[in-house]
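Report on the structure
Residue-level listing of the chains:
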Amino acid sequence: MKVLLFSNDSCGSCRKWKPTFLKLMNQFHLEFDVIDNFKDKDKAKQYNVTGIPCTIFLNNSGIELGHILGSMIEELAIRDIQYYIKKDGEARDSGLQPA
């Protein structure tokens, strides 16, 4: 699974969320990219990013499993990360791709 964080340094919510995001990515040993949505507008458009911060979960084939718009407290973020890890594993185990 890979996780994309669309953010920008001028965004207060992004600055608040980014340290927690980085901590959790390392804690769960997840591959991730932090993308400045103003500098990489094409990628933001590709993933239909409508606001920031926007955290997008992808399976190993690059198919979106889901996304979270906005920052959140660490406990909720852990719950969501665990959900997407499970969703990714179930899709691989069944041979099906997520919708």
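This text goes with the structure placed above it.
To keep things clear, this report deals only with the structure shown in the data block.

Thresholds applied
Residues numbered from 1 in each chain as written. Predicted model: local features only at pLDDT ≥ 70, side-chain atom pairs only at ≥ 80, totals over all residues. Heavy atoms only, no water. Core = buried A, V, L, I, M, F, W, Y, C linked by side-chain atoms within 4.5 Å. Buried < 20%, exposed > 50% of the residue type's maximum accessible area, 1.4 Å probe, protein only. Helix = DSSP H or I, 4+ residues; strand = E, 2+ residues; numbered from the N terminus. Contact = heavy atoms within 4.5 Å. Expected span 1.5 Å × (residues − 1). Bend = angle between axes of the 7 residues up to and from the residue.

This next bit is on the nonpolar core. In this structure, M1, V3 and F57 are the most contacted members of the largest nonpolar core, which totals 15 residues. Those elements that place two or more of their residues in this core are β1 (2–7), α1 (12–27), β4 (64–69) and α3 (74–94). Looking at this core, the element that brings in the most residues is α1, giving four residues. In this structure, V3 is in contact with F21, M25, L30, E31, F32, D33, T55, I56 and F57, ignoring residues within four places of it in sequence. Judged by nonpolar contacts, the second largest core, of nine residues, contains L4, I35, C54 and L58.

As a further point, take α1. For α1, which comprises 16 residues, the first-to-last C-alpha distance of 24 Å matches the rise-based estimate of 22 Å (1.5 Å per residue) to within 8%. Approximately 30 degrees is the largest bend angle found in α1, and it occurs at K18, with the proline P19 only one to four residues beyond. Of all the positions in α1, only C14, W17, T20, F21, L24 and M25 are classed as buried. Looking at the residues trailing α1, positive phi occurs at H29, about 55 degrees.

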